[in-house]
Amino acid sequence: MNLFEDFGLSSPLQTAIKNLGFEKPTQIQSKSIPDIVKGKDVVGESPTGSGKTLAFGCGIVEHATPGNGLQALILTPTRELAEQVKVELSKLSHQKHLNVIAIYGGVSINPQIHDLSRANVVVATPGRLLDHLQRRTINTSKVKLLVLDEADRMFDMGFIDDVEKIIRTCPTKRQTLFFSATISSRVKDLANRYMDKPTIVLAGKHVDPSKLKQVYYNVPKNMKLSLLLHLFQYEKSKLIMVFCNTRRTTDFVVKNLRVNKIDAIAIHGGLSQNKRTRTIDIFNKGKMGVLVCTDVAARGLHIDNVSHIYNYEVPNDPNDYVHRIGRTARAGEEGKVINLLCEYDHDNFSRILHEHRSFTIDKIEIPQIKRVFAIKSDDSRRPFRRKQSFHRGGSRRRY
Ligand code: AMP
């Protein structure tokens with residue numbers, strides 16, 4: 001089905017979709033909306049940005065009614081994704097006056113308790129939802145539609161036990177939808193246990209390989225920053241994301257970019273919820289050109305117009321590489337992925353090439369570049385501090 005009109009959706013829903021400005025359904029929408037609105041269970045292989053929120057949103061808007069308590073529950077792995085899904089569902093259900101709220105940790109619980117009493121649709125992260133269940137401030141006994149968004153991430157982030165506890169509080173007679181970037185064996189196993197003869201929908205990769213160019217440079221560790229600055233100058237870019245493996249490298253890179261007069265902002269797990277939301281807003285509005293982030297912090301963020309992905313460090317998990325590169329070359333736009341490899345990155349890089357044999361990643365020789373001397377993360381705040389010999393903050397990597 002190539003038009004939204006073909007789905008036989010109710011007129012408020014069709015109006016809402018038109019108001020959102022979407023002309024044609026995406027692949028996941030074409031393949032899953034007919035079954036979703038019929039009330040069937042669906043497992044959709046669809047990464048962030050493929051249009052899955054609107055796909056399950058159609059089911060929610062068609063089947064939930066205002067004033068009948070909580071009827072649809074969506075579980076997401078991150079607070080950012082919960083917020084984004086809530087915003088999209090609110091727009092979609094505007095004509096139908098459904099009350100949609102997001103609940104997640106890191107913010108006060110009391111306003112959520114108040115909002116829950118009137119909610120028809122709840123988008124939640126598992127930890128905080130469980131907290132509400134234990135306090136009996138949420139009632140899941142009338143949930144007729146349960147959505148697990150980014151199911152593979154729920155496993156990666158260790159949330160799956162909480163997710164299962166939550167699923168078991170919902171009525172057994174319900175519609176269940178799982179969306180996941182990849183349908184791994186663990187996602188299938190979960191589907192076997194909690195779904196009723198689900199339809200499996202594959203939406204294909206959202207990265208168009210013909211539009212995505214991937215390259216790598218072999219560069220000594222102490223020249224990475226210089227190369228990054230050089231490439232910023234010579235590559236024609238829109239928005240740029242620079243991925244690092246740790247919070248510490250993220251801070252280091254941001255600090256040095258700023259010293260070199262590049263408008264860069266950081267996002268990592270150490271920032272408060274408000275600060276993360278503000279940061280993403282600024283980036284999305286195109287006010288800042290460079291977002292430096294870790295994988296965990298970047299999960300679930302919707303950012304359009306990213307022309308360049310720089311891997312300042314190559315991720316340990318090849319799946320993270322796929323998630324990183326999926327941020328660019330979206331919606332028919334061109335994108336480029338640039339890997340800066342030093343000796344510490346080669347093992348991770350080989351693993352990616354081994355797992356994703358279809359990737360073509362071209363080697364580029366380092367051009368003549370100006371050496372830039374980096375400052376360490378805390379140098380600028382305490383310029384005259386003597387180097388301390390005691391243990392600083394433990395050796396655990398924080399993401
Ligand atoms: P997702 O995270 O998979 O829900 O993708 C959401 C993104 O896709 C948002 O930026 C939406 O505005 C966009 N989107 C959803 N449906 C469509 C559509 N039919 N056409 C164009 N963009 C869409």
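In what follows, the accompanying structure is described. No experiment lies behind these values; they were computed from the predicted model shown.

So, how was this worked out
Residues numbered from 1 in each chain as written. Predicted model: local features only at pLDDT ≥ 70, side-chain atom pairs only at ≥ 80, totals over all residues. Heavy atoms only, no water. Phe/Tyr/Trp six-rings, centres within 6.5 Å; stacked < 30°, edge-to-face > 60°. Helix = DSSP H or I, 4+ residues; strand = E, 2+ residues; numbered from the N terminus. Buried < 20%, exposed > 50% of the residue type's maximum accessible area, 1.4 Å probe, protein only. Lys NZ or Arg CZ within 6 Å of the ring centre and 35° of its normal. Salt bridge = Lys/Arg side-chain N within 4 Å of Asp/Glu carboxyl O. Pairing = 2+ DSSP bridges.

1. Here's the deal with the packing of aromatic side chains
Here's step 1: Here the structure, examined in full by the defined rule, presents 5 aromatic pairs.
Here's step 2: Summarising the aromatic geometry, the rings of F56 and F179 are spaced 5.6 Å apart at their centres and angled 45° between planes, so their arrangement reads as tilted. Here F56, found in helix α3 (residues 52–63), pairs with F179, found in strand β6 (residues 175–180); they are 123 residues apart in sequence, far enough to count as distant. You'll find F56 and F179 in the same group, each marked buried.
Here's step 3: Relative to F349, the ring of Y216 lies with its centre 5.1 Å away and its plane at 55°, an arrangement referred to as tilted. On the criterion of sequence distance, the pair formed by Y216 in strand β8 (residues 212–218) and F349 in helix α15 (residues 346–355) is long-range, its members being 133 residues apart. Of the two residues examined, Y216 and F349, each falls in the buried class.
Here's step 4: The positively charged end of K224 is found above the aromatic ring belonging to Y312, 5.3 Å away from the centroid.

2. Let's talk about the pattern of salt bridges
A side chain with one charge may pair with a side chain of the opposite charge, provided their charged atoms come close.
Here's step 1: For the structure shown, the criterion picks out 16 salt bridges.
Here's step 2: Across the pair R193 and D189 runs a salt bridge whose closest N-O atoms are separated by 3.3 Å. Of this pair, R193 and D189 both sit in helix α9 (residues 185–194), 4 residues apart, which is roughly one turn of that helix.
Here's step 3: Classification of R193 as partly exposed rests on a relative accessible area of 44%.
Here's step 4: Put simply, K224 and D345 hold a salt bridge, and the shortest N to O gap is 2.7 Å. Highlighted residues: K224 in helix α10 (residues 224–234) and D345 in the loop between β13 (335–341) and α15, separated in sequence by 121 residues.
Here's step 5: What makes K224 buried here is its relative accessible area of 3%.

3. Observations regarding the environment of H94
Here's step 1: Tracing the backbone shows H94 in the loop between α4 (79–92) and β3 (100–103).
Here's step 2: Among the residues examined, H94 registers a relative accessible area of 55% and is labelled exposed.
Here's step 3: When the C-alpha atoms of H94 and T15 are compared, they prove to be 9.9 Å apart, with 79 residues separating the residues in sequence.

4. Topic: the pairing of strand β5 (residues 145–148)
If a strand is regular, its side chains alternate between the two faces of the sheet.
Here's step 1: Both faces of β5 are covered, namely the face carrying L145 and V147 and the face carrying L146 and L148.
Here's step 2: Judged from the 4 bridges that link them, strand β2 (residues 72–75) and β5 form a sheet pairing that is parallel. Its bridge partner being in β5, L75 is matched across the sheet by L148.
Here's step 3: The pairing of β5 with β6 spans 4 bridges and is parallel. Residue pairing across strands places V147 opposite L177, the latter belonging to β6.

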